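Each chain, letter by letter, is given below.
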Amino acid sequence: GAGVSQSPRYKVAKRGQDVALRCDPISGHVSLFWYQQALGQGPEFLTYFQNEAQLDKSGLPSDRFFAERPEGSVSTLKIQRTQQEDSAVYLCASSLDTGSGEKLFFGSGTQLSVL
Amino acid sequence: DQQVKQNSPSLSVQEGRISILNCDYTNSMFDYFLWYKKYPAEGPTFLISISSIKDKNEDGRFTVFLNKSAKHLSLHIVPSQPGDSAVYFCAADNTNAGKSTFGDGTTLTVKP
């Protein structure tokens, strides 16, 4: 497809379960971002890749969160031992280039519910 | 410490009138600002942007104004249409940071 694709669209996990969220960015886009969006709030930065290099992971809430983009294309966000506070929409975005002012193309997100 | 603030959670306007959405920021290192529009169950989509070296950028019915001294920007939609009803997010970039910082959004409702 032409846009950013995320899967699954919805994920229900039991507390303590591990989950993996996938992002397929737009082909050729250098930068890839993960954001977490809680209900009623704006997207909060989690981590950023430039090609396969993870340049910034300062937004990851704990060491239970891990992201990778091994070949500089598809990315996976993994959450280990999920907690109820992890419930949110996880948005992936890509941009053509790096630097300030590059507009982001977002996927539709993965809505994670931890019971 | 929220660096980008949208103080109005919601705004309701009549079709054909002007919609003005506001955004304030605290970090003087921000040098580029973007507005995104979000419909339910979709990701945000880019609407319009402005560099800190400008004070106005216009694209059709959408105009963004930047007041650097006040650390304030606004999005004007004229005329407003029912299809503009959505959540609008203000975002700010810092050249050295590589990431966008978002406000919490304003829900715009345009009534026919």
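Residues numbered from 1 in each chain as written. Chains lettered and ligands numbered in written order. Predicted model: local features only at pLDDT ≥ 70, side-chain atom pairs only at ≥ 80, totals over all residues. Heavy atoms only, no water.

Asker: What is the right way to read the layout of surface pockets from this model?
Answerer: Over the atoms rolls a probe the size of a water molecule, and its path tells where empty space is left. Counted as a void, the largest pocket has a volume near 500 Å³. As for the largest pocket, its lining consists of 26 residues, of which Gln37(A), Leu39(A), Gly40(A), Val89(A) and Lys38(B) are closest to the centre. Going through the elements one at a time, strand 9 (88-95) and strand 11 (110-114) of chain A together with strand 9 (86-93) and strand 11 (106-111) of chain B are the ones with two or more residues in the lining of the largest pocket. Among the elements that make up the lining of the largest pocket, the one with the highest residue count is strand 11 of chain A (three residues). Split into classes, the residues belonging to the lining of the largest pocket amount to twelve nonpolar, ten polar and four charged. Lining of the second largest pocket is provided by 18 residues; of these, Glu44(A), Gln3(B), Lys99(B), Thr101(B) and Phe102(B) occupy positions nearest its centre. Broken down by secondary-structure element, the contributors of at least two residues to the lining of the second largest pocket are strand 5 (44-50) of chain A together with strand 10 (100-102) of chain B. In terms of residue count, strand 10 of chain B provides more of the lining of the second largest pocket than any other element does, three residues in total. Along the lines of polarity and charge, the residues of the lining of the second largest pocket split into seven nonpolar, eight polar and three charged. (1 Å grid on protein atoms, 1.4 Å probe; cavity = no way out; pocket = protein on both sides within 12 Å on 5 of 7 lines; lining within 4 Å. Points joined across faces, edges and corners; volume = space filled by probe spheres on them. Helix = DSSP H or I, 4+ residues; strand = E, 2+ residues; numbered from the N terminus. Nonpolar A, V, L, I, M, F, W, Y, C, P; charged D, E, K, R; others polar.)

Asker: Where do I start with the state of the cysteines in this structure?
Answerer: In a disulfide, the sulfur atoms of two cysteines are covalently bonded to one another. Summed over all chains, the structure comprises two disulfides over all chains. Across a sulfur-sulfur distance of 1.9 Å, Cys23(A) and Cys92(A) are joined as a disulfide pair. Classification of the bridge connecting Cys23(A) and Cys92(A) rests on its S-S torsion, roughly -65 degrees, and on that basis the disulfide is left-handed. Pair noted here: Cys23(A) is in strand 3 (residues 19-24) and Cys92(A) is in strand 9, with a separation of 69 residues, a long-range link. Considered together, Cys23(A) and Cys92(A) belong to a single accessibility category, that of buried residues. Bridging Cys23(B) to Cys90(B), the disulfide has an S-S length of 2.1 Å. Disulfide Cys23(B)-Cys90(B): the torsion about the S-S bond is -75 degrees, which places it as left-handed. Remark: Cys90(B) occurs in strand 9 and Cys23(B) occurs in strand 3 (residues 19-25); sequence separation between them is 67 residues. (Disulfide = S-S within 2.5 Å. Buried < 20%, exposed > 50% of the residue type's maximum accessible area, 1.4 Å probe, protein only.)

Asker: What is the right way to read the interface of chain A and chain B from this model?
Answerer: Note on interface size: it is often stated as the accessible area lost on association of the parts. Across the contact, 21 residues belong to chain A and 21 residues belong to chain B. Summing both sides of the interface, chain A and chain B together bury roughly 1,600 Å²; the carbon and sulfur share of this comes to 56%. Connecting chain A to chain B are one salt bridge. When the shortest N-O distance is used, the salt bridge between Lys99(B) and Asp56(A) registers 3.7 Å. At the junction of chain A and chain B, the tally comes to four residue pairs in polar contact (both at pLDDT 80 or more). Put simply, the parts of the chain that give the side of chain A that touches chain B at least two residues each are strand 4 (31-37) and strand 5 of chain A. Here the residues of the side of chain A that touches chain B sort into eight nonpolar, nine polar and four charged. (Contact = heavy atoms within 4.5 Å. Buried area = accessible area lost by both parts, 1.4 Å probe. Salt bridge = Lys/Arg side-chain N within 4 Å of Asp/Glu carboxyl O. Polar contact = N/O pair within 3.5 Å; in protein donor to acceptor, adjacent residues only side chain to side chain.)

Asker: Help me understand the pattern of salt bridges in this model?
Answerer: Side-chain pairs of opposite charge can arise where the charged atoms are in close proximity. Residues and elements named next belong to chain A. By the definition in use, this model includes five salt bridges over all chains. Here Arg-64 and Asp-86 are joined by a salt bridge, their closest N and O atoms 2.8 Å apart. Remark: Asp-86 occurs in the loop between strand 8 (75-79) and strand 9 and Arg-64 occurs in the loop between strand 6 (53-56) and strand 7 (65-68); sequence separation between them is 22 residues. When sorted by exposure, Arg-64 lands in the same class as Asp-86, which is buried.

Asker: Hey, could you run me through the nonpolar core in this one?
Answerer: Soluble globular proteins tend to bury their nonpolar side chains together. By size, the foremost hydrophobic cluster in this structure holds 23 residues, and its most contacted members are Phe33(B), Trp35(B), Leu73(B), Leu75(B) and Tyr88(B). The set of elements that each furnish at least two residues to this core consists of strand 3, strand 4 (32-38), strand 5 (45-51), strand 7 (62-67), strand 8 (72-77), strand 9 and strand 11 of chain B. In this structure Tyr88(B) touches Gln6(B), Leu21(B), Trp35(B), Tyr36(B), Lys37(B), Leu47(B), Leu75(B), Ile77(B), Gly105(B), Thr106(B) and Leu108(B), once residues within four positions along its chain are discounted. With 20 residues, the next largest nonpolar core counts Ala13(A), Phe65(A), Tyr90(A) and Leu112(A) among its residues. (Core = buried A, V, L, I, M, F, W, Y, C linked by side-chain atoms within 4.5 Å.)

Asker: How do you make sense of the environment of Thr98(A) when you look at a structure like this?
Answerer: All names here are of chain A. Counting through the fold element by element, Thr-98 comes out in the loop between strand 9 and strand 10 (105-106). Each C-alpha atom, one on Thr-98 and one on His-29, is 9.3 Å from the other, the two residues being 69 residues apart in sequence. In this structure Thr-98 touches Val-30, Ser-31, Tyr-48 and Gln-50, once residues within four positions along its chain are discounted.

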